[in-house]
Amino acid sequence: MTVDVQTTRDVVDIITGGWRAQALYTAVKLGLPDHVEAGLGTDAELAKATGASEGGVHRLMRLLVAMGIFEGDGSTGYRGTRVSAALIEGPGSLGDMCLLYGEEFYSAWGHAHHAIGTESSGFEVAYGRPFYDHLGQDAAVARRFQATMNTASMFFHRVPEVFDFSGKRVVDVGGGGGQLLATILEAVPDARGTLFDREHMMPKAREHLVAAVGPDRVELVPGDMFRSVPEGGDVYVLCRVLAGHDDEAVVRVFEHCRRAMADPSSRLLILDRFVADENPTVLPSLWDLHLLVTTGGEHRTVDRITRLLGRAGMEIAGTAELPMETTALIVAPRPA
Ligand SMILES: Nc1ncnc2c1ncn2[C@@H]1O[C@H](CSCC[C@H]([NH3+])C(=O)O)[C@@H](O)[C@H]1O
C-alpha cells in the first residue's frame, strides 16, 4: 500500500503533539517567557539566565518561534507574543498548567495503554499512589493543580448570563473554594448563596467569599452530598462535581437536590463537560480519557445524565454552551 504525503503529514502532526507539549513545558520550566519579557533577547543571554546550554536554548527557541510562541531570532533578539505572555509567572498564568501537564500528567499518559486497557488510572502505575493522595503529600503539585483548576474556571463569569439568578437562593454543592459562587453573587446583587462542601474546604471558601461579597449574603455549610444537601434552595449548582463518582452515587446526589428544593420552580444547574458519541469533539473526549488516565474517572454523555436525572425524578429543561466546551444543563423537577 502507498500512503500519500498529506496522510503521512496528518499522522506526523498528531504523533509529534507530545513533543510540542514537552518543548513548551521545558520553556516554562526554564522561565523563558519571563526572561524574554524582561528583555533578554539573545541565545547567549537566555542561556546565562537559565543555566542551560546555549545550543540547547537556540534549538528550543527555534521550534518555539516556529510554533508561534515567540517571534524573532537568537541573533537579533527574540520577542514575546500573546501566548508567551500568558505563560509569565504570576496570578492567572497558564505556566503552572504547563508544568503539571509536562510532569505528572505526561508521566501518567506514558501508561495510557495500561489505563485504557484496564479502565484504571495510569497515574497510579507511574507514581504508585492515587492522584489525590499524591496531591495530599506534595504541596507544590497541589498548588499547581489548584492553579490549573482556576485557569479552567474561565467560563464562570458567563454563568450568570445563561441563567437568571436574580432574587434566588443559590446552593453550590461541592462548591470548592467558592470562586463560582462569588462570581454569581458579585454579578447578581440580590441573590444569596450557600456553599456546601467537605469540612476541610470551609476555611478557604469562607476567606474567598467574605472577601468577595462580605459575610451577609453567604453561608457555608460543611457536609457530605451523598447523605444530604442544604434545604430550601431555589437553584442547586453542581459544577465539575460528577465526573469522579459512579452512577449510583450521582443518582443519590440528584435525589438529595430534588428533595431539598424550595418548590417546583426550583432548578438544578449542572455545569460540566459532556462527551458525545455522535459527532464527538476533541477536547471533551480528550479530557474524558485524561480523567481515566489520572484518576480512573470519566465524563458522561448528556443522554446518560438524562437517564440518571430521570431516576431521580428530574428532566433537562434547557441547555447553554459555555467557553472551553463546557455545557450548562438546566434541570427541573418532574411534576409528582
Ligand atoms: N461527598 C462530598 N460532599 C460534598 N462535597 C464533595 C464531596 N466529595 C467531593 N466534594 C467536593 O467536590 C468538589 C469537586 S472539584 C469542583 C469544585 C468547584 N465546584 C469548581 O467547579 O471549581 C471538591 O471541592 C470536593 O471537595
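These numbers come from a predicted model, not from an experiment.

Draft legend 1. View of the overall build of the protein chain. Helix and strand counts for the protein chain come out as 17 helices and 9 strands. Each principal axis of the C-alpha atoms in the protein chain carries an extent, and together these give about 70 × 55 × 35 Å. Taking the intrachain contacts of the protein chain between residues at least 6 apart in sequence as the baseline, contacts between residues at least 24 apart amount to 64%. For the protein chain, the accessible surface area stands at approximately 17,300 Å², while carbon and sulfur atoms represent 54% of it. In the protein chain, which carries 31 positive and 45 negative side-chain charges, the distance between the mean positions of the two groups comes to 2 Å.

Draft legend 2. Layout of the UniProt feature "domain: O-methyltransferase dimerisation" (unreviewed entry) in the protein chain. Under the UniProt annotation, "domain: O-methyltransferase dimerisation" (unreviewed entry) lies at residues 13-88. As annotated, residues 13-88 comprises 62% helix and 11% strand, and the C-alpha atoms at either end are separated by 27 Å.

Draft legend 3. Summary view of the site of the ligand. Surrounding the ligand, one finds 13 residues, the nearest of these being Gly174, Asp197, Asp224, Cys239 and Arg240. Here Gly174 contributes a backbone N or O atom positioned 2.8 Å from a nitrogen atom of the ligand. The separation between a nitrogen atom of the ligand and a polar main-chain atom of Cys239 is 2.8 Å. For the ligand, whose unbound accessible area comes to 580 Å², protein coverage reaches 82%.

Draft legend 4. Broad picture of the side chain of Asp96. Note on placement: Asp96 falls in helix H7 (residues 95-109). Sequence-distant contacts of Asp96, defined by excluding residues within four places in its chain, comprise Arg143, Arg144, Ala147 and Thr148.

Draft legend 5. Geometry of the nonpolar core. Counting 29 residues, the largest nonpolar core has Val159, Phe165, Leu180, Val237, Leu269 and Leu271 as its most contacted members. Taken together, the elements giving at least two residues each to this core come down to helix H13 (179-187), helix H14 (202-213), strand S5 (218-222), strand S6 (235-239), strand S7 (267-272), strand S8 (314-322) and strand S9 (326-333). It is H13 that provides the largest number of residues to this core, a total of 5 residues. Excluding its chain neighbours within four sequence positions, the residues that come into contact with Phe165 are Val159, Pro160, Val170, Ile184, Val188, Ala191, Val235 and Leu269. Listed in part, the 26 residues of the second largest apolar core include Val171, Leu242, Val253 and Leu308.

Draft legend 6. Geometry of the packing of aromatic side chains. For the structure on display, the rule yields 9 aromatic pairs. Consider the rings of Phe123 and Phe131, whose centres lie 5.2 Å apart with planes at 80°: the pair is edge-to-face. Pairing Phe131 with Phe145 gives two aromatic rings, centres 5.2 Å apart and planes at 80°, and the pair type is edge-to-face. Residue Phe131 is located in helix H10 (residues 131-137), and its partner Phe145 is located in helix H11 (residues 139-151); the two are separated by 14 residues in the primary sequence. A connected cluster of aromatic rings, assembled from ring pairs, spans Tyr101, Phe105, Phe123, Tyr127, Phe131, Tyr132 and Phe145. Seen from the ring of Trp287, Arg273 lies directly overhead, with NZ or CZ sitting 3.9 Å from the centre.

Draft legend 7. Local environment of the pattern of salt bridges. Tallied over the entire structure, the rule returns 13 salt bridges. In this structure, Glu161 engages Arg158 in a salt bridge whose closest nitrogen and oxygen atoms are separated by 2.9 Å. Since its relative accessible area comes to 56%, Glu161 is described here as exposed. Residues joined in a network through salt bridges with shared partners are Asp247, Glu298, Arg300 and Arg304.

Draft legend 8. Spotlight on the pairing of S5. Pairing analysis gives 5 bridges linking strand S4 (residues 192-197) to S5, with the strands arranged parallel. Bridge pairing links Thr194 to Glu219 in S5. Regarding topology, H14 serves as the crossover connection from S4 to the parallel S5, and that connection is right-handed.

Draft legend 9. Local environment of unusual backbone geometry. Even without a glycine there, the phi angle at Arg240 is positive, about 55°. Position of Arg240 relative to the elements: it lies in the loop between S6 and helix H15 (247-260). On the basis of relative accessibility, which here comes to 29%, the residue Arg240 falls in the partly exposed class. One non-glycine residue, Asn279, adopts positive backbone phi at about 50°. Along the polypeptide, Asn279 turns up in the loop between S7 and helix H16 (282-295).

The rules behind the values
- In every chain, residue numbers begin from 1 and rise along the written sequence.
- Local features in a predicted model are, by the rule used here, given only for residues with pLDDT of at least 70; side-chain atom pairs are given and counted only at 80 or more, and totals for whole chains, interfaces and linings are based on all residues.
- Note that water and hydrogens are dropped before the side-chain values are worked out from all heavy atoms of the structure.
- For helices the rule is a DSSP run of H or I covering at least 4 residues; for strands it is a run of E covering at least 2, with both sets numbered from the N terminus onward.
- The contact criterion used is simple: two residues touch if any of their non-hydrogen atoms lie within 4.5 Å.
- Values of accessible area rely on a 1.4 Å probe in the Shrake-Rupley scheme; residue burial ignores everything except the protein chains shown.
- Counted as positive: Lys and Arg. Counted as negative: Asp and Glu, with His and the chain ends omitted from the count.
- For the purpose of locating charges, the reference atoms are NZ of Lys, CZ of Arg, CG of Asp and CD of Glu.
- UniProt positions are given in the numbering used here, feature names are shortened, and annotations may be inferred rather than shown by experiment.
- Nearness is judged by heavy atoms alone; a residue qualifies as near a molecule or strand once a single heavy atom is within 4 Å of it.
- Here a polar contact means two N or O atoms within 3.5 Å. Within protein one must be a hydrogen donor candidate and the other an acceptor candidate, and residues neighboring in sequence count only if both atoms are side-chain atoms.
- Grouping buried Ala, Val, Leu, Ile, Met, Phe, Trp, Tyr and Cys residues that are joined through side-chain atoms within 4.5 Å yields what is termed a nonpolar core.
- Only protein chains enter the calculation, and the probe is 1.4 Å; a residue is then buried if its accessible area is under 20% of its type maximum, exposed if over 50%, and partly exposed in between.
- A pair of aromatic rings is counted whenever rings of Phe, Tyr or Trp (Trp by its six-membered ring) have centres within 6.5 Å, and the orientation is called stacked for planes under 30 degrees apart, edge-to-face for over 60 and tilted otherwise.
- By definition, being over a ring means that NZ of Lys or CZ of Arg is both within 6 Å of the ring centre and within 35 degrees of the ring normal.
- By convention in these notes, a salt bridge is any Lys or Arg side-chain nitrogen within 4 Å of a carboxyl oxygen on Asp or Glu.
- Two strands pair under a simple rule: DSSP has to find at least two bridges between them.
- The path from the first strand over the helix to the second decides the hand: if it runs clockwise while the strands point away from the viewer, the crossover is right-handed.

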